[in-house]
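# Architecture and fold: a report
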Amino acid sequence: MMAERKQVEVAAGVIRLADGRFLLGKRAEDAVYAGYWEFPGGKVERGESPAEALARELDEELGIQVEGLWPWIVREHHYEHADVRLYFFEVPHWSGTVNDHVHSDLKWVDAGSATAVEPMLPANGPVLKALRLPSVMGITCAHQIGVAAQLARIEAALASGLSLIQVREPGMSSAELTDFVGTVSSLAAKHDALVVVNSGSAVPALPGVNGIHLRARDLMSCVRRPAFDWVGASCHDRIELERAAELGLDYALLGPVAPTPTHPGRPGLGWACFSALVAGLPMPVLALGGMRPAALAEARGAGAHGIAAIRGVWEPAS
């Protein structure tokens, strides 16, 4: 009879500075996987929640005190010695001075350059791409407000820091959509922003397009991950979210969180339901439905990676 594999729960923190850089630690020479880089954290002890374990570990390892945690993603990895379940949290608020007690080195890195820090602990590697996903997605509605108005609002939003756009234009012809996507991609490229195209749009992959966003019906009929750098999906329930996870998608949208004109008469999920639906998922989830940038902190506290909006992102700041 085969021996039962060891099950380990670990809490890991994405500790950020004001400029967005996050902390990685190099495992000491006497540790398993010595010399590999990891996110700070440690084992969840009996009687602890993952959040409590992370706060304790960051105090013990780094001498910092956690003042705020956002639940993020949960990933599993099968090592030779154990099956590890990692609870990742973002740590937006902390105090104290980082003074490492267990790692052989520390580095502050940004999401764009983190892949140069090698070797990464195998369980932590896939997290780096998730950290590159912007926290706000703007979804186009040129079919409602007009192409010229939409492009003007895209330019303004990009100048203000928007870096993720989903082109969703069900009313456009293939030729119109091709022209529109080309223009949006050119604008986005000037700001190093990502552009994904909704799968309901009959347009081929074009230069400047970074990926595809699957409608829920396309997600559920998909047998393998589409061959794009970035692939996400719209979801409405846990079944669809788990399908997105099975396909290895990079992100999902879940909503509507609040009632919206897009879904008249349909009540929103609310934050408590949203939080329960996204718990334990391995990929980031953005909240959709009645969202505006001002809701970002509330969304993060409920376990969202960020927000997505059809109207709220394009509205001029009051």
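Look up a bit, the structure's there.
Below or above, wherever it landed, is the structure these notes cover. Note that the coordinates shown come from a computational prediction; the quantities given were computed from them, not determined experimentally.

## Examining helix 7 (residues 238-246)
- Within helix 7, burial applies to Glu 240, Leu 241, Arg 243 and Ala 244. When helix 7 is viewed along its axis, its buried side chains cluster within an angular range of 160 degrees and face the same direction. Exposed residues pointing more than 90 degrees away from the buried face of helix 7 are listed as Ile 239 and Glu 246.
- The inward-facing, buried residues of helix 7 contact helix 6 (216-221), strand 12 (230-235), strand 13 (251-254), helix 8 (270-278) and strand 14 (285-288).
- Where helix 7 starts, the residue carrying a side-chain oxygen 3.2 Å from the main-chain nitrogen of Ile 239 turns out to be Asp 237.

## Notes on the sheet that holds strand 14
- Spatially, the eight strands close up into a barrel ordered 8-9-10-11-12-13-14-15, and their pairing is parallel. If you compare each strand with its neighbour and ignore which way they point, the axes differ by 25 degrees on average.
- Taken together, the four bridges between strand 12 and strand 13 define a ladder with parallel strand orientation. Residue pairing across strands places Cys 235 opposite Leu 254, the latter belonging to strand 13.
- Lying on the sheet, helix 7 is in contact with strand 12, strand 13 and strand 14; it crosses strand 12 at an angle near 170 degrees.
- Seen against the sheet, helix 8 touches strand 13 and strand 14 and runs at an angle of roughly 155 degrees to strand 14.

## What about the packing of helix 4 (residues 147-159) against helix 5 (residues 174-189)?
- Relative to each other, helix 4 and helix 5 sit at 20 degrees, their axes nearing to 10 Å. When the interaxial angle is binned, helix 4 and helix 5 end up roughly parallel. Helix 5 is crossed by helix 4, and the crossing has right-handed handedness. Seen from helix 4, the contacting residues are Val 147, Gln 150, Leu 151, Ile 154, Glu 155 and Leu 158; seen from helix 5, they are Phe 180, Thr 183, Val 184, Leu 187 and Ala 188.
- Its residues assigned to classes, the contact of helix 4 with helix 5 comprises eight nonpolar, two polar and one charged.

## Comments concerning helix 4
- Between its first and last C-alpha, helix 4 extends 18 Å over 13 residues, near the 18 Å set by a 1.5 Å rise per residue.
- Inspection of helix 4 places Gln 150, Leu 151, Ile 154, Ala 157 and Leu 158 among the buried residues, and these make up the whole buried set. Along the long axis of helix 4, the arc covered by the buried residues comes to 125 degrees, so they all point the same way. Relative to its buried face, helix 4 has exposed residues pointing more than 90 degrees away, namely Ala 148 and Ala 159.
- Contacts from the buried residues of helix 4 go to helix 3 (142-145), strand 9 (164-167) and helix 5.
- Positive phi shows up at Gly 161, right after helix 4, with a value of about 115 degrees.

## A closer look at the packing of aromatic side chains
- Inspection of the entire model under this criterion finds six aromatic pairs.
- Pairing Trp 72 with Phe 88 gives two aromatic rings, centres 6.4 Å apart and planes at 90 degrees, and the pair type is edge-to-face. One end of the pair, Trp 72, is in strand 5 (residues 65-78); the other, Phe 88, is in strand 6 (residues 83-95), with 16 residues separating them in the sequence.
- Take Phe 88: its relative accessible area is 1%, and that puts it in the buried class.

## Focus on the side chain of Glu 169
- Tracing the backbone through its elements, the reader meets Glu 169 in the loop between strand 9 and helix 5.
- Salt bridges are absent for the buried Glu 169, whose nearest opposite-charge side chain, Arg 168, sits at 7.4 Å.
- A distance of 2.7 Å separates the side chain of Glu 169 from the backbone nitrogen of Ala 142, its partner in a polar contact.

## Regarding the environment of Gly 270
- You can see Gly 270 is positioned in helix 8.
- On a C-alpha basis, the gap between Gly 270 and Ala 302 in space is 9.9 Å, while along the polypeptide they are 32 residues apart.

About the thresholds
Residues numbered from 1 in each chain as written. Predicted model: local features only at pLDDT ≥ 70, side-chain atom pairs only at ≥ 80, totals over all residues. Heavy atoms only, no water. Buried < 20%, exposed > 50% of the residue type's maximum accessible area, 1.4 Å probe, protein only. Helix = DSSP H or I, 4+ residues; strand = E, 2+ residues; numbered from the N terminus. Arc of directions from axis to C-beta. Contact = heavy atoms within 4.5 Å. Polar contact = N/O pair within 3.5 Å; in protein donor to acceptor, adjacent residues only side chain to side chain. Pairing = 2+ DSSP bridges. Axes fitted to C-alpha atoms, helices over the stretch in contact; angles between N-to-C directions. Parallel < 35°, antiparallel > 145°, perpendicular 65-115°, else oblique. Left-handed = near helix turned anticlockwise from the far one by under 90°. Nonpolar A, V, L, I, M, F, W, Y, C, P; charged D, E, K, R; others polar. Expected span 1.5 Å × (residues − 1). Phe/Tyr/Trp six-rings, centres within 6.5 Å; stacked < 30°, edge-to-face > 60°. Lys, Arg positive; Asp, Glu negative; His and termini not counted. Salt bridge = Lys/Arg side-chain N within 4 Å of Asp/Glu carboxyl O.

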